[in-house]
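So the chains spell out like this:
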Amino acid sequence: MSVQVVSAAAAAKVPEVELKDLSPPDPEPQLGMSAAAVAAMAPPAGAGDPEAPAPAPAPAPAPVLAPALAPAAERPPAPGPATLCPAAAPPAGKVPQASAMKRSDPHHQHQRHRDGGEALVSPDGTVTEAPRTVKKQIQFADQKQEFNKRPTKIGRRSLSRSISQSSTDSYSSAASYTDSSDDETSPRDKQQKNSKGSSDFCVKNIKQAEFGRREIEIAEQEMPALMALRKRAQGEKPLAGAKIVGCTHITAQTAVLMETLSALGAQCRWAACNIYSTLNEVAAALAESGFPVFAWKGESEDDFWWCIDRCVNVEGWQPNMILDDGGDLTHWIYKKYPNMFKKIKGIVEESVTGVHRLYQLSKAGKLCVPAMNVNDSVTKQKFDNLYCCRESILDGLKRTTDMMFGGKQVVVCGYGEVGKGCCAALKAMGSIVYVTEIDPICALQACMDGFRLVKLNEVIRQVDIVITCTGNKNVVTREHLDRMKNGCIVCNMGHSNTEIDVASLRTPELTWERVRSQVDHVIWPDGKRIVLLAEGRLLNLSCSTVPTFVLSITATTQALALIELYNAPEGRYKQDVYLLPKKMDEYVASLHLPTFDAHLTELTDEQAKYLGLNKNGPFKPNYYRY
Amino acid sequence: MSVPDAMPLPVAGVGVGVGEELKQAKEKEDAEKYSFMATVTKAPKKQIQFADDMQEFTKFPTKTGRRSLSRSISQSSTDSYSSAASYTDSSDDEVSPREKQQTNSKGSSNFCVKNIKQAEFGRREIEIAEQGLFYTGRESGNQRDLHDGVRQSMEKQKQVASAEDMSALISLRKRAQGEKPLAGAKIVGCTHITAQTAVLIETLCALGAQCRWSACNIYSTQNEVAAALAEAGVAVFAWKGESEDDFWWCIDRCVNMDGWQANMILDDGGDLTHWVYKKYPNVFKKIRGIVEESVTGVHRLYQLSKAGKLCVPAMNVNDSVTKQKFDNLYCCRESILDGLKRTTDVMFGGKQVVVCGYGEVGKGCCAALKALGAIVYITEIDPICALQACMDGFRVVKLNEVIRQVDVVITCTGNKNVVTREHLDRMKNSCIVCNMGHSNTEIDVTSLRTPELTWERVRSQVDHVIWPDGKRVVLLAEGRLLNLSCSTVPTFVLSITATTQALALIELYNAPEGRYKQDVYLLPKKMDEYVASLHLPSFDAHLTELTDDQAKYLGLNKNGPFKPNYYRY
């Protein structure tokens, strides 16, 4: 609950992240991977000597931090010891507080949980639609095939507590082949065995394994990076001996990740990080192929923790790695089995919320193993925010409103990564885009990119669309809504449902009219209508899809983080939260380049020497901004 | 000439290999320097002979001899002197300024400039810069009168049109003047001496500082501006065309002064710091901090710091977010088109262009070219940048895959020999080759200096290299930086830099004991944001303010900083 760190403290703490990022303890930290891992994974042609130091011409790492805060010109320096000795200050306030960095915090967990529930229960279109279409599928072979080809179009379930695109959205894909209503017995009460006789799992129905396997095979096609990783590293088995306990969305993409980890030598036990997101068929397929999976769709809160416990609490098996999404698994082990941390080599955390929890633990001095924050790696961040939102803003608006963008006046609140993506897409469609911003640097970027920077109330009367992506609350207030013109579309691309003050619209004088799924007309007494999308929740979660490509980036990042933590020599990582080493980040990107038929240029020896770089990277200093 | 290698900074603590590389890089920079000087000496002669030419040269001042002689790479650092005219021909007076006895109107002779009588012209330049009216004409003396009329009419136009460019510094001056945040500061500076710098210096003085200034480059000084500063009482030691000896003498006169000891250093290139470090190490006892602007200087500071020899805090303003974006992305986005147009008049629509490197500079070039309808290919070594290029809609290729078909080759890698003789051999007829990277190493120009190839200079900065079979390759600026040689740097970019420097000085000077140790720091985010916010009014941009409620929700101070330090923008 401590997001509301006073800014002085927050800023003073920020440097520590960089510190960690910039100066990992190892003398050749930027190499990131262990020698074995590098050897295993370096592209065959360019496999260089992993031991060679990478004397990047980058300046000394630590001092790039700017501990100071207040410009003396304007106001006196912020008082307090935090400012004076930033390095000593604990690092908890580091959660991205930036506009439009997808962010969440514990305040909203509860709320989000509830949101999710509503979405499921509420009779609004998408979710209930899914099973129906599925029945159709069974009847018509052709349609089924189409669904297999594009599984992401069916029912959306944005129920996660984590905000990262890839974290929340894995389950946007793939259909539920079997209606859950066919069986009311709790999976916990069932006795099930897979074909090999093992019963060390708990899924809805093991008989659905075949459907799930097909889903996994489809996902494999779309996740070439993980498959390539599987091939490249299989000989080396960089995860031999790793015992990974995982808690993520259980979807076909996750299954590909798990099977990759397994192919690399790891043993896995898995639970779901969200009570609704599990694909029962996939879970069954995993159980069938021998993974102890404890998850089904529609768990109760009690089931949820029971599943996690079953993953962790096994006789004769103790995990040595944790892969978490949301921090629940880490929390459970921390509460119930603190001794287990003695054997744990590291935690890999994927979501904003989980990362925030880790920083809090670290701040309190209670983090007793190294943790890796994969959420903030460059590649993942760009795909989760900039590239994903650049596409989904158009997709989301088209699907819900069928509007045409050319010549429309749009105001985008916030010019962070999400805002930049939205603006670029809308500009390309010929819209006239206005931007609002609070941060002068981002504001200047908007100006230089050719967008008019305004305050919202200056343009609110004239715009056709209002898009929020600030991560802030009450950016669009009732007052703004009152002044909008007839037919104005209001939607949110930011991180939660707080940006538009929707509650203020629930007043007697306004009429709500649901015109289609996710689209409400709010009608003023004078007949003016505002088109509110997804009730102010995330448009891209509610009305659009997350491409498998983005999920592939995330899964690859997770796998590499696990390999890195597991193989790191003693002492490289302390009991703290780290960013993914640059070299790994670059590797994630390089694994995805073949998709674009992109041909990366290699440095010649002479050029590498001139630049003072290792031929195989890392190519940039850590403070490089991309 | 400045000879960095004659007095190398201690490179202790750096691996031999790296040290050698750096040395080589520096030599390259020097080589570039010297090759520029050749053009400098040539150009004026032509001007004198042909009136027509001359006029064309004054219209496009940057086509004449360029003097990118600085050792620093930062755009704003190297380029201040692309602007503004020299009103008086230096040839009129062969006596070295060191020999002259000059006093300003207040009777002070604590300066050394070419000719104090030029102060009035210089003052006008400064005023123009202050108002954001920035006259880019480079005139020689005999054209002054002709241009005066034009200038005055332009003044009026531009005052209306762009009362923006240096306005950030002026508003800083206004905002902070009451508090005099630099009261007691004794700043010794070594930068290009141009009208923009003068605005900076006078701002610092207005904020309470005492300044002594010398030039960081032997050619870049605007004599009139130096005279105007001297007239206004600033101790300036600089003139255009200093000798190597003069250069160090000027710096020494700045530092070595009875009864006055500097407590702040503003440096561009690290020469001043080096001199103080070598000659007056005791001065560092009183120094509160160094502000360094150029890539080279920052690099030297990091070396010092690494060797444990840095005994005061230093601030690297080169890598602040705002400055970086303007120096690279925004500046190059405009200058690539400008540079190519001025030199070749090429039309971009439908042309196939390969851009080597997709860093900030490459991103800028690609965006501009794409906007004009060019078909853009990218080469990249870094997979993350390569993936960005893919997602931005550019084909990532290896150079030899497209070299036969492209019409334009642009390098911006910072690397060497990216375009080799082999590539050049395979290019199609009239392919344009140019460099936007940081030195002249990217295109292997020396490999073209062979007997079978004919070089033909078709206009200033444009060479046709002709193969035996008649194929021509159009080489721009002999492989040196296109945007320095054939384009201009907007005052707006210089304003960003100057504002950043001023704020860095204020920050270091006012920082409480212990905030900064003996190390190299980046400008605090809050200051960076402040630089940006000072420039927003020129776009008529209206920044939204957080409500108390929102600030609390985000856990931010209403006045910033708004982002964590690792935020990438």
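1. Section: the overall build of chain A
Broken down by element type, chain A carries 23 helices and 15 strands. Taken over 626 residues, chain A has a buried fraction of 65%. The long-range fraction of contacts in chain A, counting pairs at least 24 apart against all pairs at least 6 apart in sequence, stands at 73%. Of the roughly 21,400 Å² that chain A leaves accessible, carbon and sulfur atoms contribute 53%.

2. Details of the environment of A183(B)
Residue and element names in this part refer to chain B. Relative to the helices and strands, A183 is located in the loop between α6 (167–177) and β1 (186–191). It is 9.5 Å that separates the C-alpha atoms of A183 and Y509, two residues lying 326 residues apart in sequence. Every residue in contact with A183, bar those within four places of it in the chain, is listed here: L207, G208 and Y509.

3. Comments concerning the sheet that holds strand β9 (residues 395–396) of chain B
Residues and elements named next belong to chain B. One open sheet accounts for 8 strands, arranged β9-β8-β7-β10-β11-β14-β13-β12; its pairing is mixed. Where the open sheet ends on each side, the last strands, each with one partner, are β9 and β12 (454–459). Relative to strand β11 (residues 431–435), strand β10 (residues 408–411) is paired through 4 bridges, and the arrangement is parallel. Bridge pairing in β11 places V409 opposite V433.

4. A short note on helix α10 (residues 271–279) of chain B
Note that an α-helix has 3.6 residues per turn; residues three or four places apart therefore point the same way. Listed in full, the buried residues belonging to α10(B) are D271(B), L272(B), T273(B), H274(B), W275(B) and V276(B). On its buried face, α10(B) is in contact with β1, α9 (244–255), β4 (264–267), β5 (289–292) and α11 (295–306) of chain B.

5. A look at the confidence of the model for chain B
Note that predicted coordinates carrying low pLDDT should not be read in detail. All names here are of chain B. Averaged over every residue, the pLDDT of chain B is 81; residues scoring 70 or more account for 78%. Low pLDDT (under 50) marks residues 79–90, which in the prediction has 54 contacts with non-local residues, meaning those over four places away or in another chain. Low pLDDT (under 50) marks residues 133–164, which in the prediction has 68 contacts with non-local residues, meaning those over four places away or in another chain. Reported confidence for the predicted complex is 0.76 by ipTM and 0.75 by pTM.

6. Re the packing of aromatic side chains
What the rule picks out here adds up to 20 aromatic pairs over all chains. Between F326(B) and Y330(B), the ring centres sit 4.9 Å apart and the planes meet at 65 degrees, which makes this aromatic pair edge-to-face. You can see F326(B) and its partner Y330(B) sitting in helix α12 (residues 321–344), 4 residues apart, about one turn around the helix. Judged by relative accessible area, which is 3%, Y330(B) ranks as buried. Ring pairs connect the aromatic residues F383(A), Y387(A), F549(A) and F596(A), which therefore count as one cluster. Note that R269(A) overlies the ring of W317(A), its terminal NZ or CZ placed 5.6 Å from the centroid. Just above the ring of W455(B) sits the side chain of R449(B); from NZ or CZ to the centre is 3.9 Å.

Cut-offs applied
- Residues numbered from 1 in each chain as written.
- Chains lettered and ligands numbered in written order.
- Predicted model: local features only at pLDDT ≥ 70, side-chain atom pairs only at ≥ 80, totals over all residues.
- Heavy atoms only, no water.
- Helix = DSSP H or I, 4+ residues; strand = E, 2+ residues; numbered from the N terminus.
- Buried < 20%, exposed > 50% of the residue type's maximum accessible area, 1.4 Å probe, protein only.
- Contact = heavy atoms within 4.5 Å.
- Areas by Shrake-Rupley, 256 points an atom, 1.4 Å probe, with all protein chains shown as cover.
- Pairing = 2+ DSSP bridges.
- pLDDT = per-residue confidence, 0-100.
- Phe/Tyr/Trp six-rings, centres within 6.5 Å; stacked < 30°, edge-to-face > 60°.
- Lys NZ or Arg CZ within 6 Å of the ring centre and 35° of its normal.

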